[in-house]
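Coordinates in review
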Amino acid sequence: MEKGQRKQFNKQKNKKQTIAYIKELRHSQKEEYEILQYQLAMDSKIESKNSIISKINFRKYNSSAYNYNSNKKQFELDKSINAPYCFPKVIKY
């Protein structure tokens, strides 16, 4: 009798804890998604301006795609990256 009551009590307790965990997980994922959406909207506003991005700013936004060649004193597009034709191959400072 007592064992059955304990099982029932623990079952309900586990159910409540699981529901609370799922709600917290969904809430944190929703916050992360909202932050991501805000960042995407801000980036879209910056990129959608009618002005042309300078090569230096382009390199700053895509810094992992360029390597600095100290002999020529310029940034060169990494050979391993399959970049579109509109990417500048060389950026001189």
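These notes cover the structure that comes with them. Every value quoted in this text rests on a predicted model; they were computed, and no experiment measured them. (Residues numbered from 1 in each chain as written. Predicted model: local features only at pLDDT ≥ 70, side-chain atom pairs only at ≥ 80, totals over all residues. Heavy atoms only, no water.)

1. Things to note about the nonpolar core
Definition in use: Definition of nonpolar core: a set of buried residues of the types Ala, Val, Leu, Ile, Met, Phe, Trp, Tyr and Cys, connected through side-chain atoms within 4.5 Å. Think of it in three bands: residues with accessible area under 20% of the maximum for their type are buried, residues over 50% are exposed, and the middle band is partly exposed, with areas taken using a 1.4 Å probe on protein chains only. Residue contacts are defined here by distance: any two heavy atoms, one from each residue, within 4.5 Å place the two residues in contact.
Of all hydrophobic cores here, the largest spans 6 residues; its members are Phe58, Ala65, Tyr66, Phe75, Leu77 and Ile91. The contact partners of Phe75, leaving out residues within four places of it in the chain, are Arg59, Tyr66, Asn67, Tyr68, Lys89, Val90, Ile91 and Tyr93.

2. Regarding the packing of aromatic side chains
Using the following cut-off: The rule is short: rings of Phe, Tyr and Trp, with Trp giving its six-membered ring, pair when the centres are within 6.5 Å, and they are stacked under 30 degrees, edge-to-face over 60, tilted in between. Strands here mean DSSP runs of E at least two residues long; helices mean DSSP runs of H or I at least four residues long; both are numbered from the N terminus. In our convention, an over-ring charge means Lys NZ or Arg CZ found within 6 Å of a ring centre and within 35 degrees of that ring's normal.
Counted by the stated rule, this structure contains 3 aromatic pairs. Between Phe58 and Phe87 the ring centres are 4.9 Å apart and the planes differ by 90°, which places this aromatic pair in the edge-to-face class. One end of the pair, Phe58, is in helix H2 (residues 55–61); the other, Phe87, is in the loop between strand E2 (74–77) and strand E3 (90–92), and 29 residues separate them in sequence. Residue classification places Phe58 among the buried residues on the basis of a relative accessible area of 19%. Ring pairs connect the aromatic residues Phe58, Tyr66 and Phe87, which therefore count as one cluster. Above the plane of the ring of Phe75 lies Arg59, whose end atom (NZ or CZ) is 4.1 Å from the centre.

3. Observations concerning the side chain of Asn69
Counting through the fold element by element, Asn69 comes out in strand E1 (residues 66–69). Residue classification places Asn69 among the buried positions, given a relative accessible area of 19%. In this structure, Asn69 is in contact with Gln74 and Glu76, ignoring residues within four places of it in sequence.

4. Here we look at the sheet that holds E2
As a general point, the strands of a sheet are linked pairwise by backbone hydrogen bonds and lie either parallel or antiparallel. Stated precisely, the cut-off is as follows: One requirement defines pairing of two strands: DSSP has to find at least two bridges between them. To obtain each axis, a line is fitted to C-alpha atoms, and for helices this fit is confined to the stretch in contact; angles are then taken between N-to-C directions over 0 to 180 degrees.
Judged by pairing direction, the sheet is antiparallel, and its 3 strands sit side by side in the order E1-E2-E3 without closing on themselves. The open sheet is flanked by E1 and E3, the only strands paired with a single partner. Direction aside, the axes of adjacent strands within the sheet are offset by 25° on average. In this structure, E1 lies alongside E2, joined through 4 bridges in antiparallel fashion. Counterpart to Tyr66 in the pairing with E2 is Leu77.

5. A look at a nonpolar patch on the surface
Here is the rule we go by: Residues enter patches when their relative accessible area tops 30% and they take part in no salt bridge; the joining distance is 9 Å for like charges and 5 Å for the nonpolar side chains Val, Leu, Ile, Met, Phe, Trp and Tyr. For the area figures, the Shrake-Rupley method with a 1.4 Å probe applies, and any residue is considered shielded solely by the protein chains shown. One side-chain nitrogen of Lys or Arg within 4 Å of one carboxyl oxygen of Asp or Glu is enough to make a salt bridge.
On the surface, Tyr21, Ile22 and Leu25 cluster together into a nonpolar patch covering about 280 Å² of accessible area. Its location among the elements puts Leu25 in helix H1 (residues 2–47). With relative accessibility at 36%, the residue Leu25 sits in the partly exposed group.

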